[in-house]
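# Structural characterization, general
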Amino acid sequence: MGGRVVAPDRVLDDGWLAIAGGKIVQVGTGTPPDINRVDVDGCLVVPGFVDTHCHGGGGGSFSSGNPEELFRAVRAHRRHGTTTMLGSLVSDPIPVLRDQIAALRELVQEGELAGIHLEGPFISKARCGAHDPATLIEPDTATVNALLGAGRGDIRMVTLAPELHGGIKAVRQLAESGVIAAIGHTDGVEDQIVPAIDAGASVATHLFNAMRPLHHREPGPIGALLDDERITVELICDLVHVHPTVLRLAAHHAGKGRTVLITDAMSATDAADGSYILGRLEVDVRDGVATLAGNGSLAGSTLTMDAAFRNLVRGAGIDLLDAVRATSGRPAELLGIADRTGSLRAGLAADVVVLDRDLRPAKVLRQGEWVKDDAAATLSATAPLSGAVEGGVSVSDG
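Here goes a summary of the coordinates provided. Since the model is a prediction, treat every value here as computed from it, not as a measurement. (Residues numbered from 1 in each chain as written. Predicted model: local features only at pLDDT ≥ 70, side-chain atom pairs only at ≥ 80, totals over all residues. Heavy atoms only, no water.)

## Some points on the pairing of strand E3 (residues 15–20)
Spelled out, the test is: Relative accessibility thresholds used throughout: buried, under 20% of the residue-type maximum; exposed, over 50%; partly exposed, between the two (1.4 Å probe, protein chains only). Helix and strand definitions here come from DSSP, where helices need a minimum of 4 consecutive H or I residues and strands a minimum of 2 consecutive E residues; each element is numbered from the N-terminal end. Should DSSP find at least two bridges between two strands, the strands are regarded as paired.
For E3, the buried fraction is high: 5 of the 6 residues fall into the buried class. With 6 bridges connecting them, E3 and strand E4 (residues 23–29) associate as antiparallel partners. Directly across from Gly15, in E4, lies its bridge partner Thr29. Connecting E3 to the antiparallel partner E4 that follows it, the hairpin turn spans 2 residues, and Gly21 within it adopts a positive phi of roughly 60 degrees.

## Quick word on the packing of aromatic side chains
Quick reminder of the rule: Here a Phe, Tyr or Trp ring, Trp counted by its six-membered ring, pairs with any other such ring whose centre lies within 6.5 Å, and the pair is stacked when the planes are under 30 degrees apart, edge-to-face when over 60, and tilted otherwise.
One pass over the structure, following the stated rule, counts 1 aromatic pair. For the pair Phe49 and Phe309, a centre-to-centre distance of 5.9 Å together with 35 degrees between the ring planes defines the contact as tilted. Here Phe49, found in strand E7 (residues 49–51), pairs with Phe309, found in helix H8 (residues 305–315); they are 260 residues apart in sequence, far enough to count as distant. Given a relative accessible area of 1%, Phe49 falls into the buried group. Since its relative accessible area comes to 0%, Phe309 is described here as buried.

## Some details on helix H9 (residues 320–334)
The line we're drawing: The span one expects for a helix is its residue count, reduced by one, times 1.5 Å. Pairs of N or O atoms are called polar contacts if they sit within 3.5 Å, as long as, within protein, a hydrogen donor faces a hydrogen acceptor (for residues adjacent in sequence, only side-chain-to-side-chain pairs).
When the terminal C-alpha atoms of H9 are compared, their 20 Å separation across 15 residues agrees well with the 21 Å that a helix rising 1.5 Å per residue should span. Counting buried residues in H9 gives 11 out of 15 residues, a clear majority hidden from the surface. Inspection of H9 places Leu320, Ala323, Val324, Ala326, Thr327, Ser328, Gly329, Arg330, Pro331, Ala332 and Leu334 among the buried residues, and these make up the whole buried set. The opening residue of H9, the one whose side-chain oxygen lies 3.1 Å from the backbone nitrogen of Leu321, is Asp319. Remark: Gly336 follows H9 within two positions and exhibits a positive phi of approximately 75 degrees.

## Focus: a negative patch on the surface
Just so we agree on the cut-off: A patch is a set of surface residues, each over 30% in relative accessible area and not in a salt bridge, joined within 9 Å for like charges and within 5 Å for the nonpolar side chains Val, Leu, Ile, Met, Phe, Trp and Tyr. Each accessible area is a Shrake-Rupley estimate made with a 1.4 Å probe; only the visible protein chains count as cover when residues are assessed. Salt bridges are defined as contacts in which a side-chain nitrogen from Lys or Arg sits within 4 Å of a carboxyl oxygen from Asp or Glu. The charge count includes Lys and Arg as positive and Asp and Glu as negative, but it does not include His or the ends of the chains. Here the site of a charge means NZ on Lys, CZ on Arg, CG on Asp, or CD on Glu.
A cluster of acidic side chains, namely Asp13, Asp14, Asp39 and Asp41, defines a negative patch on the protein surface. Structurally, Asp39 can be placed in the loop between strand E5 (37–38) and strand E6 (44–47).

## Thoughts on the environment of Pro32
In this structure, Pro32 sits in the loop between E4 and E5. Along the backbone, Pro32 and Cys43 are 11 residues apart, and their C-alpha atoms lie at a distance of 16 Å.

## Details of the sheet that holds strand E1 (residues 4–6)
A sheet is described by the order of its strands in space; here 6 strands give the open sequence E2-E1-E6-E20-E21-E22, paired in mixed fashion. Here the strands that pair on one side only, and so sit at the sheet edges, are strand E2 (11–13) and strand E22 (369–370). Relative to E22, strand E21 (residues 361–366) runs antiparallel, the two being bridged by 2 bridges. The partner of Arg366 across the bridge, within E22, is Glu369.

## Describing a nonpolar patch on the surface
A cluster of nonpolar residues, Val240, Val289 and Leu298, forms a patch on the protein surface that exposes about 190 Å² of accessible area. Within the secondary structure, Leu298 is located in the loop between strand E19 (289–292) and H8. Owing to a relative accessible area of 33%, Leu298 belongs among the partly exposed residues under this scheme.

## Some remarks on unusual backbone geometry
Each neighbour pair has its own omega, and for Gly120 with Pro121 the value is 15 degrees, a cis peptide bond. Mapping Pro121 onto the fold places it in the loop between strand E11 (115–119) and helix H3 (141–151). Positive phi values are uncommon outside glycine, yet Asp14 reaches one of about 55 degrees. Position of Asp14 among the secondary structure elements: in the loop between E2 and E3. On the basis of relative accessibility, which here comes to 31%, the residue Asp14 falls in the partly exposed class. With a phi close to 45 degrees, His185 is a non-glycine residue in the positive phi region. Within the secondary structure, His185 is located in the loop between strand E13 (180–183) and helix H5 (190–198). On the accessibility criterion, His185 (3% relative accessible area) is buried.

## Examining the sheet that holds strand E17 (residues 274–278)
Our working definition: To obtain each axis, a line is fitted to C-alpha atoms, and for helices this fit is confined to the stretch in contact; angles are then taken between N-to-C directions over 0 to 180 degrees.
Spatially, 3 strands are ordered E17-E18-E19 in an open sheet, and the strand pairing comes out antiparallel. Edge positions in the open sheet fall to E17 and E19, since each of these has one partner strand only. Geometrically, the sheet is characterised by an average inter-axis angle of 35 degrees between neighbouring strands, direction not taken into account. Two elements, strand E18 (residues 281–286) and E19, share 4 bridges in a ladder whose sense is antiparallel. Opposite Arg286, over in E19, you have Val289 as the bridge partner.

Encoded structure:
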């Protein structure tokens, strides 16, 4: 019995992919081409995960500015199947953010990151979570322009609280600049959220977390964002930040067209428990749960996208097709790169994750090459792979 390939519209039992030149050239079922097969019998084959909100991993932080740390974070998540990701920065003084942006731009230019996400500094002090309140400011045109200028087109998303003075204007400025305006870390009421959506905001940053809670007489940001068809909602699916029942309710209401899983991972991801720094604040990690040393508030996560996928399927009971949409297809659409990655279709990059029976990565391909340090690397040739994968992936150097 061959592996199952999750195509955009159905799961292909006994399916296979043919890959050449780093791209998928054919998707089929039955007998694959008779070239250099890699058998993944009994496994599930899904697109490489796309994470739009990640602060680090493997002991490395995207805020560090240290090239070795930056690459370490990327590699840590890639081993877990994330083949495309944004590098997220927490709030810091503007000169510090500009330096951090410059460091991340190098990874974007080298193709290691798909862009940069600024989570702050234009967020609410009342809902700042693991952001240093001393670094938070209200948005103004000149400051927003300064940050976008530092990004030179590589900033893809900015999270802000629209109730701040200048918030709606900043949303419009970001949207008109081609940057995703995300609403998050907000204490706003519905009457302050809806105008931001009308101004061009299109994403809810980790819905439920670090925002005014839902109330039956004042729906606040959660009600406004979840119920508006123009908004894609991020969900941290570690089953700690959001209860499985709430995850299921949100995913069902938003549907596969508006649900995106994120990690919101910090440097302790894929690393040992202990003390870490997120931005300027000390974080304690115990049993994989990251909390601020000062007050015990959740401080990002130690989640990886493969774990988020497992949790959505097994913890929240979402079906495979919708889970793949939430971890690959929809985030790729959000970033405007669905013509290059995010699904298993001919012509797209060979970004592929082979999941074992426990839905854990057994092999990871990025642009047709095995991810280094992955268990599958021992199966590869010293040069870029060539061949075909029965019940899963077929690779050829074209």
